[in-house]
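Chain by chain, the residues run as shown.
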Amino acid sequence: MIIQENISLKKYNTFGIDVNARYFCEIRTLYDLQTLISSEIFQNNSRLILGNGANILFTKDFDGLVIKPVLKGIEIVDVTKTEIFINVQAGENWHEFVMHCCKSKWNGLENLAYIPGSVGASPVQNIGAYGVEIKDVLDSIEALNLETGEIEIFQNSDCKFAYRESIFKHEYKGKYLIYSVTFRMSKLPKFNMNYAAVNDELKRTNVPKLSAKAIAKAITHIRKSKLPEPSEIGSAGSFFKNPSASQKMFEHLKIQFPDIVTYPMDSEIKLSAGWLIEQAGWKGFREGDAGVHAQQALVLVNYGNATGIEILNLAKRIIDSVKSKFGVDLTPEVNIL
Ligand code: EPU
């Protein structure tokens, strides 16, 4: 285990923001982690645990220790008649793991194909797409308590999962390092096909038989057509959450804006943030290297050398303009540091 000093984080965040970390350390084993937490640098500095940096916007240098878990491994830990329990180490790439599941006919995660990020970070914001959230398939989380050095297991119900939320974003923020996640996959085909876009894509490609692999392929295609390719244009996926509205507010908005796009999500009415931002005139906007993606207004992009502050200022202008046009508050989904 090596602690490096003054490392650029540009290649460690998908926005491609060029800031430095005072200290930077990759964790390959649980032993590495236990060694790290007894070091002086760990004890005397603020810390940041970084997965693939796919949901973060750096606005300044990080004057502390960045810990990047790169532990690898996928293991079957239990099998029942209908289910299969898979333990995955935090450093595995999310999309590669999803594709591994599809090939192995372990069902449940296919709708989450092509989401950038690492397995260890995936439960923190309860990643979700096309009607599935990680909470639907997650069994438990193994984490190291960074204060006591003890290993702790969190069951699904301990994690307080909600739309892009978990306990690890709030009460337990910075207190634990998630080093592996156990998923409860189905041996039986149990697909979530509630999204018209997915059905249309499957129809278009004439898929002969529905399978996890076919769904993952269709979703990968949809995502590639709407979201910027992280290796080409910097972004962190959806920058804002889809805001919720009360019934009363929604009815009021619907009179003024009859085309307003909403979602059947939980019990509240969710408004499409992408639609609100597009209607406020921001889709395809660019100033310097900071912009709003031309195919999906919910995604802010860095065309090359934008600073985190420039992206943040753009986000603030969008928030103000959506507020003045619709009276709706947008909140970032991305972690801003
Ligand atoms: N829309 C517009 N203009 C836009 C974008 C969207 O009018 O520029 C409207 C359209 O009516 C479109 C609808 O919004 O049909 C929904 O758009 P989309 O299917 O792209 O979904 P989203 O609400 O923008 C959410 C998640 C995505 C997830 C997709 C698919 C959030 C914040 N985002 O996006 O997650 O992939 O649904 O399930 O919930 C992420 O979190 O980083 C992410 C990409």
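Refer to the preceding data block for the structure.
J.: Would you mind showing me how to read the pattern of salt bridges here?
T.: Opposite charge on two side chains lets them pair, provided their charged atoms get close. Under the defined criterion, the tally for this structure stands at 14 salt bridges. Here R184 and E83 are joined by a salt bridge, their closest N and O atoms 3.0 Å apart. Of this pair, R184 sits in strand 12 (residues 176-186) while E83 sits in strand 7 (residues 83-89), and the two are 101 residues apart along the sequence. You can call R184 partly exposed: its relative accessible area is 39%. Using a relative accessible area of 18% as the deciding quantity, one classes E83 as buried. E287 is the salt-bridge partner of R317, the closest N and O atoms lying 3.2 Å from each other. Of this pair, R317 sits in helix 8 (residues 308-326) while E287 sits in strand 17 (residues 286-287), placing them 30 residues apart in sequence.

J.: Got a minute to help me understand a positive patch on the surface in this structure?
T.: A contiguous patch of positive charge, built from K103, K105, K209 and K213, is present on the exposed surface. With respect to the secondary-structure elements, K105 resides in the loop between helix 3 (94-104) and strand 8 (128-129).

J.: Looking at this structure, I do not really get unusual backbone geometry. What am I missing?
T.: Negative phi characterises most residues that are not glycine, and trans characterises most peptide bonds. Despite not being glycine, Y114 has its phi angle at roughly 65°, a positive value. Looking at where Y114 falls in the secondary structure, it is placed in the loop between helix 3 and strand 8. On the accessibility criterion, Y114 (22% relative accessible area) is partly exposed. Positive phi values are uncommon outside glycine, yet Y130 reaches one of about 50°. The topology assignment puts Y130 in the loop between strand 8 and strand 9 (132-133).

J.: Mind showing me how you'd approach the packing of aromatic side chains here?
T.: Enumeration according to the criterion identifies 16 aromatic pairs in this entry. With 5.2 Å between their ring centres and 85° between their planes, F154 and F168 make a pair best called edge-to-face. Of this pair, F154 sits in strand 11 (residues 151-155) while F168 is found in the loop between strand 11 and strand 12, placing the two residues 14 residues apart along the sequence. Judged by centre distance (6.2 Å) and plane angle (55°), the rings of F168 and Y172 are tilted. Owing to a relative accessible area of 25%, Y172 belongs among the partly exposed residues under this scheme. Joined through ring pairs, the aromatic side chains of F154, F168, Y172 and Y176 make up one cluster. Seen from the ring of Y303, R286 lies directly overhead, with NZ or CZ sitting 4.1 Å from the centre.

J.: Looking at this model, I keep getting lost on the site of the ligand. Mind explaining?
T.: Looking at the ligand, there are 23 residues lining it, with Y130, Y163, Y263, E278 and Q296 nearest. Between the ligand and K226 there is a distance of 2.8 Å, counted from an oxygen atom to a side-chain nitrogen or oxygen. If you list the elements that add at least two residues to the shell around the ligand, you get strand 8, helix 5 (212-226) and helix 7 (273-279). No other element matches the three residues that helix 7 contributes to the shell around the ligand. When its residues are assigned to classes, the shell around the ligand shows nine nonpolar, seven polar and seven charged.

What counts, and at which threshold
Residue positions are given per chain, counting from 1 as you read along its sequence in written order. For a predicted model such as this one, the threshold for reporting local features is a pLDDT of at least 70, and the threshold for listing and counting side-chain atom pairs is 80 or more; totals across whole chains, interfaces and linings nevertheless cover every residue. For side-chain calculations, the full set of non-hydrogen atoms in the structure is used, while hydrogens and water are omitted. Each salt bridge in this description consists of a side-chain nitrogen of Lys or Arg and a carboxyl oxygen of Asp or Glu lying within 4 Å of one another. The secondary structure listing takes helices from DSSP runs of H or I that are at least 4 residues long and strands from runs of E that are at least 2 residues long, numbered from the N terminus. Think of it in three bands: with a 1.4 Å probe and only protein chains considered, a residue is buried below 20% of the maximum accessible area for its type, exposed above 50%, and partly exposed in between. A patch is a set of surface residues, each over 30% in relative accessible area and not in a salt bridge, joined within 9 Å for like charges and within 5 Å for the nonpolar side chains Val, Leu, Ile, Met, Phe, Trp and Tyr. Only the protein chains shown count as cover for residues, and the accessible areas themselves come from Shrake-Rupley with a 1.4 Å probe. Only four residue types enter the tally: Lys and Arg on the positive side, Asp and Glu on the negative side, with His and both chain ends excluded. To locate a charge, take NZ of a lysine, CZ of an arginine, CG of an aspartate or CD of a glutamate. For Phe, Tyr and Trp, rings pair up if their centres lie within 6.5 Å, where Trp contributes its six-membered ring, and each pair is then called stacked (planes under 30 degrees apart), edge-to-face (over 60) or tilted (otherwise). A positively charged side chain is recorded as over a ring if its NZ (Lys) or CZ (Arg) lies within 6 Å of the ring centre. The angle to the ring normal must also be within 35 degrees. One heavy atom within 4 Å of a molecule or strand makes the whole residue count as near it. Nitrogen and oxygen atoms within 3.5 Å of one another constitute a polar contact, given that in protein one can donate a hydrogen and the other can accept it, and given that sequence-neighbouring residues count only through two side-chain atoms. Ten residues, namely Ala, Val, Leu, Ile, Met, Phe, Trp, Tyr, Cys and Pro, are considered nonpolar, four, namely Asp, Glu, Lys and Arg, are considered charged, and the remaining ones, Gly among them, are considered polar.

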